[in-house]
Amino acid sequence: MKPHRYIPLLIYLLPMILSAQPLFLASADRAGAAGLYLTQFDASSGSLAPPQRLTETQPHFFQFSGNGTFLYASGHEGNGGTPAVIHSYGINPDHSLKPVDTRAFDGRIPLHLVLTQDNRFAVIANYLTPTVVTVPLLADGKLGPVAAEVTLTGSSIHPDRQDHSYPHSVNLSPDDRYAFVADRGTDRLGVYAYDAETGRPMASGGINTFPRLGVGFLWGGGTDPDHRRRGAYRALVAARPAR
């Protein structure tokens, strides 16, 4: 059987009481089928209804706001060479999407994003740039200008696939105090202490892994000049082995 031309990169189920549950799909297909899709998942049979295309953007990842009112998707307006963007959509009662805002920023392949628990910021990992950016989320679904940008550096043992940093995911601690960035290009798990009010990183540190040795070590970092002598790096060092 010929494979479907759009490949979902991410699937989320909205909790529903009915057996037919709305299912959102994201595809970054380059053959003209990229976009956000809506289908219905029948929990009793495991079947999917034919998907309905909701947008013609090129999303890489998406997240719902904590109250389920908005959907935020990172991606590109066109091909991978255009600036990265984050889109915000309002979710209508019929689960269609209403465009609310778009914010472009320097970056290529914004592969992953995560929202803070209070839905004040989106933190986005740009796979090819390589950067991690923070975008403010406003109460009405609008998007503020980039609050912070961190450029990752380094490389590892593979001459082609690890010639520089490739951040491919970012996740937050339950209290939103720390961001954890998985970096394929450096075999490193970066840890950043964040200022919850501004969305800016205060200090950085992390864990280096050494594939040939099969071990990992804590590595140093630093503190933003505006946040020095406030205990940020000390707290970060204490958090690394604990988390």
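You'll find the structure just up there.
## Points about the pairing of strand E16 (residues 188-194)
Right, so step 1: For E16, the buried fraction is high: five of the seven residues fall into the buried class.
Right, so step 2: The sheet contact formed by strand E15 (residues 178-183) and E16 spans six bridges and is antiparallel. Within E16, the position partnered with Val181 by the bridge is Gly190.
Right, so step 3: Where E15 folds back onto E16 in an antiparallel hairpin, the turn is made up of four residues, including Asp187, whose phi is positive at roughly 55°.

## Focus: the packing of aromatic side chains
Right, so step 1: The tally for this structure, following the rule as stated, stands at four aromatic pairs.
Right, so step 2: Judged by centre distance (5.8 Å) and plane angle (75°), the rings of Phe62 and Phe64 are edge-to-face. Grouping residues by exposure puts Phe62 and Phe64 together as buried.
Right, so step 3: Consider the rings of Phe70 and Tyr72, whose centres lie 6.3 Å apart with planes at 45°: the pair is tilted. As far as the burial class goes, Phe70 and Tyr72 line up, both buried.
Right, so step 4: Here a set of aromatic residues connected by ring pairs shows up, and it is made of Phe24, Phe62 and Phe64.
Right, so step 5: In this arrangement the basic side chain of Arg184 is found over the ring face of Tyr166, its NZ or CZ atom lying 4.5 Å from the centre.

Conventions and cut-offs
- Residues numbered from 1 in each chain as written.
- Predicted model: local features only at pLDDT ≥ 70, side-chain atom pairs only at ≥ 80, totals over all residues.
- Heavy atoms only, no water.
- Buried < 20%, exposed > 50% of the residue type's maximum accessible area, 1.4 Å probe, protein only.
- Helix = DSSP H or I, 4+ residues; strand = E, 2+ residues; numbered from the N terminus.
- Pairing = 2+ DSSP bridges.
- Phe/Tyr/Trp six-rings, centres within 6.5 Å; stacked < 30°, edge-to-face > 60°.
- Lys NZ or Arg CZ within 6 Å of the ring centre and 35° of its normal.

Shape is all these values report; function is a separate question.
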